[in-house]
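Residue-level structural notes
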Amino acid sequence: MASSTFSGDETAPFFGFLGAAAALVFSCMGAAYGTAKSGVGVASMGVMRPELVMKSIVPVVMAGVLGIYGLIIAVIISTGINPKAKSYYLFDGYAHLSSGLACGLAGLSAGMAIGIVGDAGVRANAQQPKLFVGMILILIFAEALALYGLIVGIILSSRAGQSRAD
């Protein structure tokens, strides 16, 4: 028997909260992988050329930003879930779920790309300093993948609440 104080679909918030969790978890997994993989390259390169360690931290920083993208979407989604104040339907839950998955999985794949490129790039940069600009450009394009996921996640999240005229 449904409560008379709740309007909307009873299971819809589950999908919304799942989207918030997916955004944060997958983005942080990408950030962690990118940081770890790039960090291994920085440590290995630092043995040969310790003066380049600070210059080679760029991939680690770029990987860390991926977790922030997931945090932004998770906060946007979680603030949009308040079924007591406004009806929350399955359309809204699915919009939030797809928003979280778009941002989270884009962050995960970007983190994998940043980690692999960062590891190989900083090692190669230690042997040939002319490769630094090329490495940075590749890292920027890998980071852009996560930014695309963030933008799509914001757009999808903004669709929640437009399912029915209340």
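Before reading further, recall that the structure is shown in the block above.
These remarks concern the structure in this document. As the structure is a computational prediction, the values presented were derived from the model and not from experiment.

Conventions adopted
The written sequence of each chain sets the order in which its residues are numbered from 1. For this predicted model, a pLDDT threshold of at least 70 governs which residues receive local features, and a threshold of 80 or more governs which side-chain atom pairs are given and counted, while totals over whole chains, interfaces and linings are taken from all residues. Just so you know, side-chain values use all the structure's heavy atoms and leave hydrogens and water out. Put simply, DSSP H or I for four residues or longer makes a helix, DSSP E for two residues or longer makes a strand, and each gets a number counted from the N terminus. Only C-alpha atoms enter the radius of gyration; for comparison, a globular chain is expected to reach 2.2 Å times N to the power 0.38, where N is the number of residues. Type-normalised accessible area, obtained with a 1.4 Å probe on protein chains alone, sets the label of each residue: buried when under 20%, exposed when over 50%, and partly exposed for intermediate values. Any two residues whose heavy atoms approach within 4.5 Å are treated as being in contact. Surface accessibility follows the Shrake-Rupley procedure with a 1.4 Å probe radius. Residue values consider only the protein chains on display as shielding. Any two cysteine sulfur atoms within 2.5 Å of one another count as a disulfide. Only buried Ala, Val, Leu, Ile, Met, Phe, Trp, Tyr and Cys residues count toward a nonpolar core, and they belong to the same one when joined by side-chain atoms within 4.5 Å. Where helices are involved, their axes are fitted lines through C-alpha atoms of the stretch in contact, as for all axes, and angles between N-to-C directions lie from 0 to 180°. Working rule for angles: under 35 degrees goes down as roughly parallel, over 145 as roughly antiparallel, 65 to 115 as roughly perpendicular, anything else as oblique. All amino acids are sorted into three groups, where Ala, Val, Leu, Ile, Met, Phe, Trp, Tyr, Cys and Pro are nonpolar, Asp, Glu, Lys and Arg are charged, and the leftover types, Gly among them, are polar. Paired rings are identified among Phe, Tyr and Trp, the last through its six-membered ring, by centres lying within 6.5 Å, and are further divided according to the angle between planes into stacked (under 30 degrees), edge-to-face (over 60) and tilted (the rest).

Focus on the overall build of the protein chain
Each helix and strand counted, the protein chain has four helices and zero strands in total. Mapped from its N terminus to its C terminus, the protein chain presents α and β elements in the order α-α-α-α. A globule of 166 residues ought to have a C-alpha radius of gyration of about 15 Å, yet the protein chain, at 20 Å, is considerably larger. By its C-alpha atoms, the protein chain is 70 × 20 × 15 Å across when sized along the principal axes. For the protein chain, the proportion of its 166 residues judged to be buried stands at 42%. For the protein chain, restricting intrachain contacts to residue pairs at least 6 apart in sequence, the fraction spanning at least 24 positions comes to 86%. Accessible surface computed for the protein chain: about 8400 Å², of which carbon and sulfur atoms make up 74%.

Side note on the state of the cysteines
Throughout the structure, instances matching the rule amount to zero disulfides. Here C28 stays free of any disulfide, with the sulfur of C103 as its closest cysteine sulfur at 9.9 Å. Judged by relative accessible area, C103 falls into the buried class, the value being 1%.

Regarding the nonpolar core
Among the nonpolar cores identified, the biggest contains 25 residues, and L66, Y69, I73, I114, M135 and L139 are the most heavily contacted of them. If you list the elements that add at least two residues to this core, you get α1 (12–48), α2 (58–79), α3 (90–127) and α4 (132–159). In contact with L139, other than residues within four places in its own chain, are P59, M62, I114, V117 and G118.

Notes on the packing of α1 against α2
Helix packing for two helices is described by the angle between their axes and how far apart those axes are. Running from N to C, α1 and α2 cross one another at 175°; their axes reach a closest spacing of 8 Å. Of the possible angle classes, the one that applies to α1 and α2 is roughly antiparallel. When the residues that make up the contact of α1 with α2 are grouped by side-chain class, the tally is 14 nonpolar, 11 polar and no charged.

As for the packing of aromatic side chains
Going through the model one piece at a time under the given rule, you end up with two aromatic pairs. Summarising the aromatic geometry, the rings of F14 and F15 are spaced 5.3 Å apart at their centres and angled 75° between planes, so their arrangement reads as edge-to-face. The exposed category is assigned to F14, whose relative accessible area is 52%. Taken together, the ring pairs in this structure connect F14, F15 and Y94 into an aromatic cluster.

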